[in-house]
Amino acid sequence: MLVEVLTSVFNIQIFLFIILGVFTGICIGALPGLTATMGVALVLPLTFGLDAIPGILLLIGVYVGAIYGGSISGILLRTPGTPAAAATAIDGYEFSKRGESGRAMGISTVSSFIGGVVSVIALWLIAPQLAKLALRFSAPEFFLLAVFGLSIIASISGNSLAKGVLCGGLGISLSFIGIDGITGFPRFTFNDINLLSGMSFIPVMIGLFAMSQAFRTIEDIFTPDQVSQKISHVWPSKSDWKIILKFAPISGLIGTIIGIVPGAGAEIGAFVSYSQAKRMSKRPELFGTGIPEAIAAPEGGNNGVTGGALIPMLTMGVPGDAVAAIMIGALTVQGLQPGPLLFTEHTTLVYSIFLGMFVANVAMLVLGLSSLKLFVKVLSIPKAILTPMIFVLCVVGSYAINTNFFDVGVMLFFGIVGYFMQKVDMSVSPAVLGLILGPMAESNFRRALLMSEGNYSIFFTSVIAWIFVALIFITLLGPQITALFKRKTA
Amino acid sequence: MKKALVLLMLLSLVLGSAFAQGGAEVNADNYPSGPVSVIVPYSAGGGTDLVARALVDAAKDSFPKNISVENRTGGGGAVGMSYGAHAKADGSVISMITVELVTLPHTGTGAGLYYDQFKPIMMVNSAYSAVTVKADSPYNTLNEFLDAAKTQTMRVGNSGVGAIWHLAAAGLAKAAGVTFNHIPFDGAAPAITSLLGGHIDAVTVSYAEVASQVKAGNLKVLAVLAPERISATPDIPTAKELGYDVAIGTWRGLGVPKDTPQPIADKIYSIFSQAAKSDSFIKFMNSSNNIIDVMDSASYGKKLATDNEMFKSLIAELGLKQQ
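Quantities reported herein were computed from a predicted structural model and do not represent experimental measurements.

Criteria and thresholds
The residue count restarts for each chain, going from 1 along the sequence in the order it is written. For naming, the first written chain is A and the first written ligand is 1, with later ones following in the order written. In keeping with the predicted nature of the model, local features appear solely for residues at pLDDT of at least 70, side-chain atom pairs appear and are counted solely at 80 or more, and the whole-chain, interface and lining totals rest on all residues. Excluding hydrogens and water, the side-chain figures rest on all heavy atoms present in the structure. Domain borders in the structure are assigned automatically or taken from a domain database. Every residue pair with non-hydrogen atoms within 4.5 Å of one another is taken to be in contact. A quick way to say it: buried area is the sum, across both parts, of accessible area lost when two parts are put together, with a 1.4 Å probe. A run of H or I in DSSP becomes a helix once it reaches four residues, and a run of E becomes a strand once it reaches two; helices and strands are each numbered from the N terminus. Under the convention used throughout, the expected extent of a helix is 1.5 Å for every residue step, that is, one less than its residue count. When accessible area is computed with a 1.4 Å probe and restricted to protein chains, residues below 20% of their type maximum are described as buried, those above 50% as exposed, and intermediate ones as partly exposed. Working definition: the arc comes from the directions between the helix axis and the C-beta atoms, pointing outward to the latter. For this analysis, a salt bridge means a side-chain nitrogen from Lys or Arg found within 4 Å of a carboxyl oxygen belonging to Asp or Glu. Note on pairing: DSSP must find at least two bridges between two strands before they are called paired. Angles run from 0 to 180 degrees between N-to-C directions of axes, and those axes are lines fitted to C-alpha atoms, restricted for helices to the stretch in contact.

Enquirer: Account for the domain arrangement of chain B, naming residues and giving values.
Expert: Residues and elements named next belong to chain B. Its domain assignment divides chain B into domain 1 (30-127 + 250-318) and domain 2 (139-224). Measuring from the centre of the C-alpha atoms in domain 1 to the corresponding centre in domain 2 gives 28 Å. Opposite the ten residues of domain 1 that make contact, domain 2 presents ten residues. When domain 1 packs against domain 2, the two sides together hide about 930 Å² of surface, and 73% of this comes from carbon and sulfur.

Listed below in structure tokens is the structure:
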């Protein structure tokens, strides 16, 4: 097995795909407005023609690269390239003001690498164990897990609880369309054959994440981004190394744990790591003035999410974040179903993903340290050239999945929906999680009742079920309880 | 101006179709005179897709003007098969047809699809249902399992309501005079996972789908619902031998629109029946646990008709008919 894994990853073709993925990812991440989710959604259709291993590793390369790449524009322009780099931008830009953008980017690169590697190790250690545990999951446990994921959407996504819930609800209602999996009745299909199998997931994703952003770029298509910094002293100094090694590994671990939680993505990983570092630091008052730990922590944290998010995705088919949700689509296209069987029947693939992800992190480190100047140049590509390219990729990509023109219409529709959602400051991620977790909750609820012949006690018969019930209560009521305590002590 | 534009568009449509008609004068001797596409009604990378691609790959030398596989998914296969049934009847569009062709029309989700819209070319492979339980299950034979089902409710997992493995379990229950508690899953893999975890009592998916877990010693097959024993597993009895007259499985084959000239259909049969005998195709099918089961046009046509009747009555009895 080990030999198979090594030969499947350590060959020039796979290396090229990973490097290509990381390179594309860094460029996409560096460009403000193009997020990691969008990058993966855009590259996804290119993997249809590839084998499973190169296809998935290409996507993982884009994911890892984009999460890191966001810090480049965050540091230089104070405009985070991806939401995950928002925390980095705070202190990163202070470095640039002092003319030390090279130093900041070096710290960011090395910390991202450490965070990424920590998460890959965690993925490699935890995922196979969790896959064994996942066999103990039956319909009631999956139902409660999905509800737990949905409750997280409500409490953490976006700035407003109401908008998050609304958006998640939109995703769940979209999932109602199509043949009902338990009784076989068509729902909301309006006798249209295209709607029988439900909303095609990938065109919806491309529309919500990529097309909507491209629409948005049109608004300021002729305003160029100004970059006039000299990049030097990228390799961190001895004292910077000390700080990186103190903060990045812990942040990586925090990021991994946040990645495992369904629905919580890299931006949350970055902010939690940032505030944790502030608590750990001996000089919290200097955060915001441009100190190394304020870059090392969020960058270790957001790249830590990458491996964590794949853990529930591979073992149970539950996405850790929006990118992992797209990767479920990528696996399904290859005829692979995420879940415990993946670990016993496609062992080589699973371990190749682990090893390939490590290689992707190394590629990110090497590319980051050697070619920063090139990536900075990417920032000055005129949007008038970039945006039409994205339009083309969106249309081709959504047509390619089923060679059905209806899907292009779906993509355009959700591009417009996504555009207006962003206009009113709604995050689109909850919609995607709703689209995946909604049907999972529904079908498992009904399947559980079929199994128990209508007896509701089936939801409370196992320890795992009770744990999820407790977690759901904590997520839903936790904020209210802490608020209550705060009011009492105040 | 607007009128002129509409007129121009209409004119070009008429002329265009006239030219297309003119080009469609095909005779069997020079078939294939143009590019040919094979419609797969399921997504790329799935079981049907892989078989189609392997077969097309083995036949590609007979198509000098190129042959390509096109995935048109949706509606549980209805979208792609409808497209294939209504394509030009000149052999330029060949469809992979599957057992859903004779089940979907009866569940009411076939969107006007009916098996007689196709001229069957040949059957390529078949896969029969395997009644599978956990390795440590107390039941060692199909009889023990069905006897137990008379006194307790057996939870039998399938790959989706109205899907072929649901119908297989229902057909077995009917033959044995018992009732199962059918638990639908979203595909075969989650059903197998649930069986491995001990949450259900049996699954009735194909042997190929449980093969790796059976070889690993986690699951055991009590019987196959096949007309005769499967060559890959000669030790497993058929339900028929044990006294339950039921044989239900899926199959895949090639079909063209029903108005396709017979000489062209014959030419397609001769090309693909050769391809099905090629080493590369046989090797692929063996390595992917698929069983090659070639049937010529006439016997395949008969099978379509008998299966259609069987599923029609079975689905009606199950109350799965919609609307």
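Enquirer: With reference to specific residues and values, describe helix α11 (residues 297-318) of chain B.
Expert: An α-helical turn contains 3.6 residues, so a residue and the one three or four places further along point in the same direction. Residue and element names in this part refer to chain B. When the terminal C-alpha atoms of α11 are compared, their 31 Å separation across 22 residues agrees well with the 32 Å that a helix rising 1.5 Å per residue should span. Within α11, burial applies to Tyr300, Lys303, Leu304, Asp307, Asn308, Phe311, Leu314 and Ile315. Seen end-on, α11 carries its buried residues on one side only, within an arc spanning 150 degrees. Among the exposed residues of α11, those pointing more than 90 degrees away from its buried face are Ala298, Lys302, Thr306, Ala316 and Glu317. Check the buried side of α11 and you find it contacts β3 (93-98), α4 (104-107), β4 (118-128), α6 (164-176), β10 (249-257) and β11 (291-295). Positive phi shows up at Gly319, right after α11, with a value of about 70 degrees.

Enquirer: I'd like to hear about the environment of A:Phe222, residue by residue, with values.
Expert: Along the chain, the position of A:Phe222 falls in the loop between α9 (201-219) and α10 (238-260). Residues A:Phe222 and A:Lys383, spaced 161 residues apart in sequence, show a C-alpha to C-alpha distance of 7.0 Å.

Enquirer: Which residues make up the pattern of salt bridges, and what values do they have?
Expert: In total, this model carries 17 salt bridges over all chains according to the counting rule given. Measuring nitrogen to oxygen at the nearest pair gives 2.9 Å for the salt bridge that ties B:Arg53 to B:Asp49. Of this pair, B:Arg53 and B:Asp49 both sit in helix α2 (residues 47-59), four residues apart, which is roughly one turn of the helix. The closest approach of N and O atoms between B:Asp307 and B:Lys303, which form a salt bridge, is 3.7 Å. On the criterion of helical spacing, the pair formed by B:Asp307 and B:Lys303 is a turn pair, its members being four residues apart in helix α11. There is no split in this pair, since B:Asp307 and B:Lys303 are both buried. Here the residues in one salt-bridge network are A:Arg98, A:Glu100, A:Arg103 and A:Asp240, joined through shared partners.

Enquirer: Please give an account of the sheet that holds β4(B) that cites residues and values.
Expert: All names here are of chain B. A sheet is described by the order of its strands in space; here six strands give the open sequence β2-β1-β3-β10-β4-β11, paired in mixed fashion. Strand pairing shows two members of the sheet lacking a second neighbour, β2 (67-71) and β11, which therefore form its edges. Each strand of the sheet is rotated relative to its neighbour by a mean of 25 degrees, with strand direction disregarded. Note: strand β1 (residues 36-40) against β3, three bridges, orientation parallel. Across the sheet, Val38 pairs through a bridge with Ile94, a residue of β3. Packing of helix α3 (residues 78-85) onto the sheet brings it into contact with β1, β2, β3, β4 and β10, and relative to β3 it is tilted by some 140 degrees. Sheet strands in contact with α11 are β3, β4, β10 and β11, and its direction is about 75 degrees off that of β4.

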